[in-house]
Structure formats: C-alpha cells, structure tokens
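Working through the structure, step by step
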Amino acid sequence: MGSRRTVRLLAFLPLALVPACNAADDGNEGLELFYDAPAEIWEETLPLGNGRLGAMPDGGVRHERIVLNEESMWSGSEFDAGNPDALKALPEIRRLLLEGRNLEAQDLMYRRFVCANGGSASAAYGSYQILADLDLHFGFATCDVGGYRRSLSLPDAEAFTVFTAGGVEYRREYLVSMTRDVIAVHLSASEPGSLDFSLSLSRPERGTAAASGGTVTLSGELDSGQEGVEGVRYVAMARVVADGGAVTAGGDSLAVSGADEATIYVSAATSYRGDDFASRADSLMRGAVECGFGRMESEHREAFGRLFDRVSLTLGDGKAHDAAVPVDRRLENFAAGQDDPALAALYMQYGRYLFISSTARGILPPNLQGLWANTIRTPWNGDYHLNINVEMNHWVAEQGNLSELHLPLTEYVKRLAVSGAESARTFYGADGWCAHVLANAWNFSAPSEDPSWGATNTGGAWLALHLWQHYLYTLDEDYLRDVWPVLRGAADFFRSILIEEPSHGWLVTSPTSSPENGYYDESDDIVTYVCLGSTMDNQIVRELFSAAADAADVLGIEGEYASSLRGTALRLPPNRVGSDGRLMEWLEEYREMDVHHRHVSHLFGLHPGTEITRSRTPELIDACRATLDMRGDGGTGWSRAWKVNFWARIGDGDRAYKLLRNLLHPAIAGDGRHGGGTYPNLFCAHPPFQIDGNFGGSSGIMEMLLQSHDGAIEFLPALPSAWPEGRFDGLVAQGGVVAGCTWKNGEIVECRLVAPRDGVYKVRFPDGKESDISCRQGKTVKFGR
Ligand code: FUC
C-alpha cells in the first residue's frame, strides 16, 4: 500500500519525479493508462465507475468535459410485446420448415412471428443514455502549458490530469467512490488562489439546470415512449466545496474564483427503483461533503483494491515495453509487430477493472457499453443482446476472481424469466420461459421485429447457463436452490417446443437461426436465415439439459425429471463435420452467406460451452480449427475477442496471440475512419465502442493461462511463444480453486493452488500429463511439473 499513499504526497514534486506508476507493489506494477495530451474524442477519455455511477474526464486544459453516467438512465417503459397471432402461425411455419421450404417459412415469420408494438425500434423499447455533461471552463491568463500528463491508475481506480501553466502546477484527481456512491473531482494548484473556473451540468434533451448556493442541479424525465406512462425521472447535482476564494451561483452555473483547492461532488439518482430518488441523491451528497475528498479517496482505493488486487499477472519482465510510451502509441507499436507482453497483462487487468467499475450488487448488469454512454441514442440502444454480447460481458467474472459481480446478472435473469414465461406462452404455447436476442431494462423477452436475426430463442437458455456456471465456481448450494426454478424453467421451455425433424428423427428447435449468419436457400439462391435446429441451439440445449439434470442431482430433487432431461438430450442432433472438414453450422450443408461472418455460433460448444474439448473430442477440435481458418482472423471487436478464447481452448497459443494482436489493433485509421479493434482508451471497437470485446479479450488471456472446464485444472494450456516467462496469481478454476503459476523459458517453474475445501484436484500440464494434487482448505499447495 505504501506506494499508493505516496501519490498525494508527491503531488507537487517536479513532474519528472512523479512516479510513472502508483500501483501497489504486488505484481501489478505498470497498470496505468497514460497520455501526453487531452482527449479529443470520447473514445480517448478515461472510464471511471462504481457500477452505478460513471464518469469519463477528457483532461482538457481550458475546457474539461466529464461525461457522466448512471446505470438506470433508460428511456422507454415496460410494454406488451406479446403477439397472439404469432402462435396461430407457428404450426404453419414449422410445417414449411419440416418440408424444407425455409424461405417461405421465413416470409411467413416476417408477416406474423414478430413482437407486437415495434420492438427495438420503438420509443417504448427505450435506450440507455447519458446522464449529463459536466463542463468546466478554466480561466488561465497564459498559454504556456507544459508537462501535460493524463492517466488512469487501474489498481486505484482513479484518474489524474497534471500540467503547468504560467509557472503554476495544476492537478486534478477524479474518482467514482465505491463507498460514498458519488463522483468526486479534486482540483489543486501549487500556488494559492490559482483556481478560477465555472461549472455547469447539461444534457442534449430533457434536462433543466438551476444553480443556487454552491450547487447546480439538473433534473428531468426521460421519454417513456407510451402515452400516459411516466418515464424515468432523474436528478444530478454538482456541488463545489472550495478552500479559499469564492463560489457563486448564477443562472444555471457556478463560478469559482481564487480558490486554493476545490472538490466537485456529483450525486445522482433516478426513479427506476423508487420515487425517493431525489432524497437519495441528496443524502449521498451530504454524506460525501461531510466525508471530504481525502478520506473518500483512501476508502475508495481500499474498497476497489479488495476486488481488483485478487489477481496479479506479469508477462515478460513485467515492465511496460518502454515506460515513457503512452498507451495509444503502445497500441500502434504492438500492431506494427513489436512484442509488448506487459500490454497484454494490462489489457487483461483492464477487463477486470472495467467489470468492477460497471457493475455492482443491486443494479443492472453491464450493458453493451458497460456503464458508459455519451449520447441519448446509444448504439443498439445500449441494451442487452443475448446471442453473445451480454454473456461475453460476464466471461471475466468467475475466472477473474470477481464471482460476486456475476450476481447482478442472476438477479436480472430472474426478472427476465418472468417476462420470458409470458413470451413462452404467447408465442409458443409453451411451458417454462424463454428470451430471444433482445433484452433491455424493461425485461423485453419477445422475438424481435426482424426474424432474420431476432428469431433465435436460445438467448434465455444461454443466460441460464451463467447461473449454473456461478454454481460450478462457488459450489454454493443455497444459490443453486434459489436459482433452480429459473434453470428448470429454461429447460422446460425446450422440452415443450422441440419437434422431431424428418431425416434423422432428431429433436430440434423450430423456428430458429444461427446468429446472425444466413445461407443460400438451394431452390431460390436467396439468403435465408430461418432454419431448424441450428448447431448453436443444439449445443446450448444439450448443455442446458445437462446442467439442469446435474443441478437436480446436487439438490437431491426431481430425479425422474433429471433422467428424462438426459434422455431427451440424447435425441438432440449431434455435432457433425461437413464434407469440407468444418463443423456444420446448420443441419444441412448449406452454402453460407458470409464465410467470414463475425458470429461463430456453432463453436459455442468449444467456448463458452464445454462439450468440445481436446481431451474428449479431438476430432471435433480439428473441425473447429478448419471452421476458424475459414472464418478468418478478423471481424468486429468482440468477434476477435471470441476467437482468442476459441484458439485458447484449442490449445494453440500462438494463434490466440495473433487474434489478441488483431483485437488490440488501433481502431482509428490514419484517415480517421473507425474499424474493429481497440480505441486509444483501450475500449473495444465493434466499431462503435462495445464493451463485450474488452471482457472477451480479457477472458481470452485468462483462458490462455488457465482452464478448468473439462474436469482438470490445466496450467498454461495455450501459452504463446511471445510470453516465455511470466507469473499469475489469483485466477480461479471451477470449484473455487485459486490458482497461480510461474514459468520461465516456456516451462513451468511452480504451480500454486488454494482450495476452498479439502480435496484431491486433478491438474494438467502443458505436455498433457496429469497429476492428482491433495489440497487442505485454505492452504497454498506448491508443486512443479
Ligand atoms: C449482435 C451482433 C452485432 C452487434 C450487436 C450489438 O447482434 O451481431 O454485431 O454486436 O449484437
């Protein structure tokens, strides 16, 4: 902790003496993003958050804009998307599919098997949106700005801007308090009386600001999208507490003049969870002011560290390639072929950092942009896409030692299952619950407005597997008992909708699609999406049935139900290899619309699924390789991230590393155009910014170092030659076993395990050899290869 404390004490030493890194001395040195210029675009600004509140300062010298977020700033409202006509059309859609008339089935779906009231294009569906812009305008008499440095310390979850102007050193510190639930910006200067600035809060629509005393308040109501229905109401307030000088309110802004130092506190709340939001925001503000910045900062660092410091990773000698090179230039150098193992370690930890910062107990799970949005109409409404995206958002939770942060998803899935039961009944006349591709803060679970991508109905099942996964990592039977109805309900849905296809008698989902790829319908040479039993569906349903049956066994309940699920699972279509050696994406060997399609849905069984493994199904691993070779190593940001995980599961470290390099490719080209890869602030670019790729990439690095999905804890399963030495601690294997490993010259030097209970654990080494390791609860066991 010593080095963390030094930051404030060294605040006004000459810049050259300020340490480049302020991380704790715990193997996590160098976990800092820094830049030598203010951000010019939002994707260069630095994300801070405590799950509920977010802030992205741009570090502007004369004008600083800090984009503010609150997790429940959702327009729209709950509406009835049920379309009873869909159920009437279902038998005909199925008949056409069984007769191989897929395009006709799809046409019929466009006419009849869609949600009511417009789906994601409607105002009622809503959009996650910005809370407010906090603008600070500074009065500097001089133009001689020097020594500029803007940074984000991951272990401290704190950002900094420092520079000199007119011989005065200015320093700004920004955090979103984990303990006081407010945003705080502390401004200071090396000369007393040097701080002069104005402050305002605004947003592009639906916000009215007023200033009085030392506070500006912005409030309003978002569009509910439905006549007579109230939208989410919100309040955001910024208060300045200054030492020296004066704070005056005028109209809708505050002016601070001649202050020695000042802290801006921002408190905000919405009516999404209750009408007392204004008083909640008020009391948080009072608590924050009473606490003061110094105490808030140390409490915050400690609280954040309790989560973040659980994992450390050193790749190479642990030094940033060149500690003087800002992160945006390191990205460029890496893309140009320079190895920078520390950048990969930073990226892995950045995923954990973003996860801790964008979710917390009692709130919504991280959306397509986590917590951060700078517009009213966030891309794809900033919602939850269930055919890869929100699931990828949670891949770091268990392995990354942040298991409790998986729980907001659990709570969300429980709510979605209620609306999903309506959708199951209304659209399929089925038991249980389902969700399709779209979901939002209002529990949307119906098929979307466009069957080409919105008909997939395994979204809920994929989510349900996350509940099972949380159990597998925690072995928490109380949790399993609590989520059992949701898990069972997801399985019940498929028990009631599967139909028998004619060629093999397999049980298949119908209608469905393989997200979001199409194929050429033989007879028409027209792209069709709708089909029977896509491979992804078969894999998901198989894993779901097996999870539900195993859960029943663990809980010692419903034995007959469990065996009937296992029986039904045997009738699902097996994974099949096509004549070209690739895993088949559909029941038939259709010619696909896009051989490079970003989704690689039929490899779900390889990752995140577990039915295709090197140890159990080597022949399918070859088919996965062939599939990925044809798909190529490009794609949107999240697609590249997924492929890192695929190659890690295949056990090919160098190929996983190649995909990681592609993922970290600078997203903004010389001509200013945005492509897939990574923005200067290390946000993943679909483009636009989508956070799933950050979490997927971070998980991919973990998968390269440790896997535990096939019954053994496997060390360094996909170590690339670019990382001949390294060390990790704190990654978690199934069963809640905490693992560490040190390696040199590509060979394991030492492995470490700490198990939560006494037991014998099977471990596997990179050469495929296995050992049984006896562990005593809570005791570190060290062993070599
Ligand atoms: C999925 C993807 C798109 C995008 C969207 C938010 O549907 O196919 O590429 O990421 O989610």
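An account of the accompanying structure is given in this report. (Residues numbered from 1 in each chain as written. Predicted model: local features only at pLDDT ≥ 70, side-chain atom pairs only at ≥ 80, totals over all residues. Heavy atoms only, no water.)

**Observations concerning the packing of aromatic side chains**
Within this structure, the stated rule accounts for 35 aromatic pairs. Ring centres of Trp-42 and Phe-689 lie 5.8 Å apart, and the angle between their planes is 65 degrees; on these two criteria the pair is classed as edge-to-face. Within this pair, whereas Trp-42 is found in the loop between strand 1 (32-35) and strand 2 (48-49), its partner Phe-689 is found in the loop between strand 25 (684-685) and helix 18 (692-705), the two being separated by 647 residues in sequence. According to the relative accessible area criterion, Trp-42 is buried, its value standing at 9%. On the basis of relative accessibility, which here comes to 2%, the residue Phe-689 falls in the buried class. Sitting above the plane of the Phe-34 ring, Arg-149 keeps its charged end 4.3 Å from the centroid. Lying over the aromatic face of Phe-334, Arg-661 brings its terminal NZ or CZ to 4.6 Å of the ring centre. (Phe/Tyr/Trp six-rings, centres within 6.5 Å; stacked < 30°, edge-to-face > 60°. Helix = DSSP H or I, 4+ residues; strand = E, 2+ residues; numbered from the N terminus. Buried < 20%, exposed > 50% of the residue type's maximum accessible area, 1.4 Å probe, protein only. Lys NZ or Arg CZ within 6 Å of the ring centre and 35° of its normal.)

**Quick notes on the site of the ligand**
Around the ligand, the structure places Leu-368, Trp-380, His-385, Asn-387, Asn-389, Glu-516, Arg-598, His-599, Trp-638, His-686 and Gln-690. Between the ligand and His-599, the relevant distance is 2.6 Å, taken from an oxygen atom to a side-chain nitrogen or oxygen of the residue. Between the ligand and Gln-690, the relevant distance is 3.0 Å, taken from an oxygen atom to a side-chain nitrogen or oxygen of the residue. Look at the ligand: alone it shows 290 Å² of surface, and the protein chains cover 97% of it. In terms of residue class, the shell around the ligand is built from three nonpolar, six polar and two charged. (Near = heavy atom within 4 Å. Polar contact = N/O pair within 3.5 Å; in protein donor to acceptor, adjacent residues only side chain to side chain. Areas by Shrake-Rupley, 256 points an atom, 1.4 Å probe, with all protein chains shown as cover. Nonpolar A, V, L, I, M, F, W, Y, C, P; charged D, E, K, R; others polar.)

**Comments concerning unusual backbone geometry**
Residue Pro-511 follows Ser-510 across a cis peptide bond; omega there is -5 degrees. Locating Pro-511 in the fold gives a position in the loop between strand 21 (507-508) and strand 22 (519-521). A cis amide bond links His-607 to the next residue, Pro-608, at an omega of 0 degrees. Considering the arrangement of structural elements, one finds Pro-608 in the loop between helix 14 (559-569) and helix 15 (618-631). The backbone of Asn-401 shows a phi angle near 65 degrees, a positive value even though the residue is not glycine. Mapped onto the fold, Asn-401 is located in the loop between helix 8 (389-392) and helix 9 (407-428). Of the residues examined, Asn-401 reaches a relative accessible area of 15% and is grouped as buried.

**Topic: the side chain of Asp-710**
Along the chain, Asp-710 turns up in the loop between strand 26 (706-707) and strand 27 (713-715). Taking the relative accessible area as the measure of exposure, Asp-710 reaches 13% and is therefore buried. Once residues within four sequence positions are removed from consideration, Asp-710 is found in contact with Thr-613, Ser-615, Arg-616 and Arg-764. (Contact = heavy atoms within 4.5 Å.)

**Observations concerning the sheet that holds strand 14 (residues 246-250)**
Note: strands within a sheet are paired through backbone hydrogen bonds, in either parallel or antiparallel orientation. With antiparallel pairing, the seven strands of this open sheet are ordered in space as 2-3-4-5-10-15-14. Of all the strands in the sheet, the pair left with one neighbour each is strand 2 and strand 14. Here strand 5 (residues 132-138) runs beside strand 10 (residues 195-202); their pairing, made up of six bridges, is antiparallel. By the bridge assignment for strand 10, Leu-136 is matched with Leu-199. (Pairing = 2+ DSSP bridges.)

**Topic: the nonpolar core**
Membership of the largest hydrophobic core comes to 236 residues, with the highest contact counts inside it found for Ile-264, Phe-715 and Phe-728. Ignoring anything within four residues of it in the chain, the contact list for Ile-264 reads Leu-134, Leu-136, Ile-183, Ala-184, Val-185, Leu-187, Phe-197, Leu-199, Ala-238, Arg-239 and Val-240. Judged by nonpolar contacts, the second largest core, of 14 residues, contains Val-182, Val-235, Met-285 and Met-296. (Core = buried A, V, L, I, M, F, W, Y, C linked by side-chain atoms within 4.5 Å.)

**Notes on the pattern of salt bridges**
Two side chains that carry opposite charge are able to pair once their charged atoms sit near each other. Across all of its chains, the model carries 59 salt bridges by this definition. Residue Arg-661 pairs with Asp-339 through a salt bridge whose shortest N-O separation is 3.0 Å. Taken together, the positions of Arg-661 in helix 17 (residues 653-663) and Asp-339 in the loop between helix 6 (327-335) and helix 7 (341-358) put the pair 322 residues apart, joining distant regions of the chain. A residue is classified by how much of its surface remains accessible, and Arg-661, at 19% relative accessible area, is buried. In this structure, the salt-bridge partner of Lys-762 is Glu-770, at a minimum N-O distance of 3.6 Å. A relative accessible area of 36% means that Lys-762 is categorised as partly exposed. The class for Glu-770 is partly exposed, based on a relative accessible area of 39%. (Salt bridge = Lys/Arg side-chain N within 4 Å of Asp/Glu carboxyl O.)

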